[in-house]
Structure formats: C-alpha cells, structure tokens
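Architecture at a glance
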Amino acid sequence: MIKNILSLDSKHKVLEYLDNFSKIKLPMYGKMRNFDLEDKSKNNVSYLSPLIARGIIKEQEIVTYVLEKHKFRDIEKFVYEVFWRSYWRGFLESHPKIYSDYKKELDNLVENIASEHYTNAISGNTGIECFDFWAQELTSSGYLHNHVRMWFASIWIFTLKIPWQLGADFFIKNLLDADLASNTLSWRWVAGLHTKGKHYIAFPENIKKYTQNKFYPVGNLNINPSPIMEGIDYSVEPFSFTKLKTTEQLSCLFIHENDLSFDMRSNFDFIIIQGSIHPKNQRSLVANNYISSCLDNVFANTQKKYSGKTFSLDWNDSKSLNRFLDNNNIQNIFSAYPFISDLKSQIDTFFKTINIDLVYYNNNWDINVWPHCSKGFFKLKKEIPNLVMNFSDSTIEL
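Overview of the structure.

What counts and what doesn't
- Residues numbered from 1 in each chain as written.
- Predicted model: local features only at pLDDT ≥ 70, side-chain atom pairs only at ≥ 80, totals over all residues.
- Heavy atoms only, no water.
- Helix = DSSP H or I, 4+ residues; strand = E, 2+ residues; numbered from the N terminus.
- Rg over C-alpha atoms; globule rule 2.2 N^0.38 Å.
- Buried < 20%, exposed > 50% of the residue type's maximum accessible area, 1.4 Å probe, protein only.
- Contact = heavy atoms within 4.5 Å.
- Areas by Shrake-Rupley, 256 points an atom, 1.4 Å probe, with all protein chains shown as cover.
- Lys, Arg positive; Asp, Glu negative; His and termini not counted.
- Charge placed at Lys NZ, Arg CZ, Asp CG, Glu CD.
- Core = buried A, V, L, I, M, F, W, Y, C linked by side-chain atoms within 4.5 Å.
- Phe/Tyr/Trp six-rings, centres within 6.5 Å; stacked < 30°, edge-to-face > 60°.
- Lys NZ or Arg CZ within 6 Å of the ring centre and 35° of its normal.
- Expected span 1.5 Å × (residues − 1).

**Quick word on the overall build of the protein chain**
- On a plain count of helices and strands, the protein chain comes out with 18 helices and five strands.
- For 398 residues, the compact-globule estimate of 2.2 N^0.38 gives 21 Å, and the C-alpha radius of gyration of the protein chain, at 21 Å, lies within 12% of that figure.
- In terms of overall dimensions, the protein chain has a C-alpha envelope of 70 × 55 × 40 Å along the principal axes.
- Counting the 398 residues in the protein chain, one finds 54% classified as buried.
- For the protein chain, the proportion of contacts with a sequence separation of at least 24, taken over those separated by at least 6, is 70%.
- When the accessible surface of the protein chain is summed, it comes to about 18600 Å², and 49% of that surface belongs to carbon and sulfur atoms.
- Counting 45 positive and 44 negative side-chain charges, the protein chain places the centres of these two groups 3 Å from one another.

This is the structure in structure tokens:
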C-alpha cells in the first residue's frame, strides 16, 4: 500500500488519493484506525504521512479538504491525528534543548550499537515474533502502522531494555515519514518522559486484538515496567515567526527536502532546489531513495516552469552556487523553515559558506498552531475547533 503513495508524483494525484480516502475510509477511521491488518490496503489509515513529512501536501490542506466533505464531530479523531504532528513540532520548537540533549545522548551511546543485543533488535532476531516481524517490515518497506510503532517502542524500551534514544534513531534512519520532532517526542512519551511517569505498555492482549490474532506475545513481554526517569525538567523557550507577504515579488527561493510544496513558488524570480541527499545523512537506502526521487521530481517540474531560473544545489560545491547568485544579482534567499532537525543544522552550516543571508519563513498553519503547543496536547485540543474554522474559507459544520 505504501508503494501506491510513493507513486503519487503530482499534486493532482495526491488530491485524488485524498478524495478517495475521504469517501471510502475516513468515515470509519475513528473505529478502525488502530487495526494493523494482514492486507495493508484494508487498514483504515490514510498513509499520507510520507507526503506530509516532505511537505508535498500540508496539514492545512488535508484538514480543510476533509472538513468540506464531513462534519467535524464525525471525523474528529482523524483531525486530531493531523494536529498531533504539528503539536510535536511546536513542542520541540519551544523546548529545543530536548533535541540537543538527545543528540549528545546518542553520541554517548555509540558503543551500544556494536552490541549483539542491539544488532539482534534492529535485524529482527530477538525471538519475540511480532517485534522481529515489525523490525524487518520497517527496514524493508520504510513504514510501520502508528499503533505498531507504539508497541515496538514499548517492547524496545521495557522488554529488551535498550536505550530509547537508539530506538528513536533506528526509526529516524528507516521511516519514510521520519519527522524528528514527532519521532523523538513519541519515543519519550512511550518511555514516560514526555508526560512524567506516564508510560505506554504493550500488552499481549492489545496486540492480539488489533492484529486480529496474527500475534499474541503472551509471556514474552514485560507488562509491569516502571517508567524511565530523568533528572531534568525542560523549560519553555521563546521562538519567533517570519511571515512573508504573498503579494510581494521576492528574489530567490531555496527548496529543501522538508518542504517540497508549491506554496509561494510563483512569487520568486529564481529557484534553488536541494539537488541531493546531504553526504552526512545516515538514513537507510529505502528512505534515501524515496527522498531522492521526491527531490528529482520537484526539480524536473520546477525546471519546466522556470526554465533558466532554476539551480540544483550541490552540498559539496558552494562556489557554483555563489556564481549563480552573482550572475543573477540575487541579494537574498528565502526558504520554508525546516524545523529543528539534522537538515536545518546542515543547511545552516552550508549557507555560512555563501556570501548571502538565508531567511527562513513560517507558514500560516504553524504560526497559528504552535503557540498552543508548549504544554500538553489537551491545551491544543481545546483550540482545534476554532483553528479549523479560521483556516477554512467556508463555513464548517462542527
């Protein structure tokens, strides 16, 4: 099923797919979304997450579209799930030290990667049938059902007793829809660190029910673990937004793998597109092939519309970019904010070698949603009805 999503190489095809999901599966999403069935095409989930992660379709587009077809109260579970990704991003932006500490902790755990215990986990050789199946499914397809991700993380942390940071890193390297904020904070939530003392336990009966008897790991799992503890409370740090005027003609846009949308592209005279995967990235071949194909598709489509005004950025060749900027008298470069991520660090490092300022801008969705994301999800949840009304061009029936 996930291969069908990856073949959607135009916005028109993506919207057609969303329309089909809205008509056929969305009405039963609330009741059936937690089931991971043998036939993945029958799972009541949208599979849109790899496209959302790349910004090919935006959260605002999805929410606005489905609420034109359904009443909010009939599909609120789906709408909430879309907002969860934004919640994680907004929370990490307001608690950036979580990211920097996570990266330091990963570096300190490098010796664990060589251990047989870790190797067995990532290769699917633990002897826990369901876990081993999911590990191999992830590395071969780049995808796991969201419910499976929760079970997997719980077994990793509490039964296998491997540091959660290594599990989060395993997901980041292999998931097609990998999002650093969602991934890191979800693993912390399972461990009992996001909501202090409240951890997620994978119970055999729950796995049996929602895999429809495919797996029943009774006697294999630690079902009475204590939550993971840490001796730090992360405080909220202020962050600011930059919003561009859509009516203003601007000089140059830089498009990267975290935002491949066509938003505002027509407002720029020149387009620079990330031409390849950063050489220091450590993602799997499956994930890199997907992202590379997305970048290639965006470059080909953009070049057709902006012939002679498009440049492919080579991470190892800043001189060529400088020549392009000088030859076209480009004074500034704008780019969609890439969120706290390894990519942002890589972009920031690269553009320090360029004699021009790179200005990040935020989209309207994040500007409105993130201020409600500094605490628990419930704070944001209370605002969702008002937010969706504000995003809609028409009246939405709640």
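Anyway, onward from the coordinates.
**Details of the environment of Tyr143**
- When you line up the elements, Tyr143 lands in the loop between helix 9 (129-141) and helix 10 (146-159).
- When the C-alpha positions of Tyr143 and Asn174 are compared, they lie 7.9 Å apart, and in sequence the two are 31 residues distant.
- What Tyr143 contacts, discounting residues up to four positions off in sequence, is Ile2, Val45, Tyr47, Ser49, Glu137, Leu138, Arg149, Leu175 and Asp177.

**A closer look at the nonpolar core**
- Counting 133 residues, the largest nonpolar core has Phe83, Trp134, Trp156, Ile272, Leu321, Ile333 and Phe351 as the members making the most contacts within it.
- It is helix 6 (residues 76-94) that contributes the most residues to this core, nine residues altogether.
- Discounting residues that sit within four places of it in the chain, Trp156 has contacts with Tyr118, Ala121, Ile122, Phe131, Lys161, Ile162, Pro163, Trp164, Leu166, Gly167, Phe170 and Trp187.

**Section: the packing of aromatic side chains**
- Summed over all chains, the structure comprises 40 aromatic pairs.
- With centroids separated by 5.4 Å and ring planes inclined at 35°, the aromatic side chains of Phe152 and Phe171 adopt a geometry described as tilted. Taken together, the positions of Phe152 in helix 10 and Phe171 in helix 11 (residues 164-174) put the pair 19 residues apart, joining distant regions of the chain.
- Consider the rings of Trp315 and Phe350, whose centres lie 5.7 Å apart with planes at 85°: the pair is edge-to-face. Residue Trp315 is found in the loop between strand 3 (310-313) and helix 15 (318-327), and its partner Phe350 is found in helix 16 (residues 342-351); the two are separated by 35 residues along the sequence. For the pair shown, Trp315 and Phe350 are each scored as buried.
- Taken together, the ring pairs connect Tyr118, Phe131, Phe152, Trp156, Phe170, Phe171 and Trp187 into an aromatic cluster.
- When the ring centre of Phe339 is taken as reference, the NZ or CZ atom of Arg89 above it lies at 3.9 Å.
- We note Arg149 situated over the ring of Tyr143; from NZ or CZ to the ring centre the distance is 5.3 Å.

**Focus: helix 6**
- Here helix 6 is 19 residues long and its end C-alpha atoms lie 26 Å apart, about the 27 Å a rise of 1.5 Å per residue gives.
- In terms of residue burial, helix 6 counts as a mostly covered element, since 15 of its 19 residues are buried.

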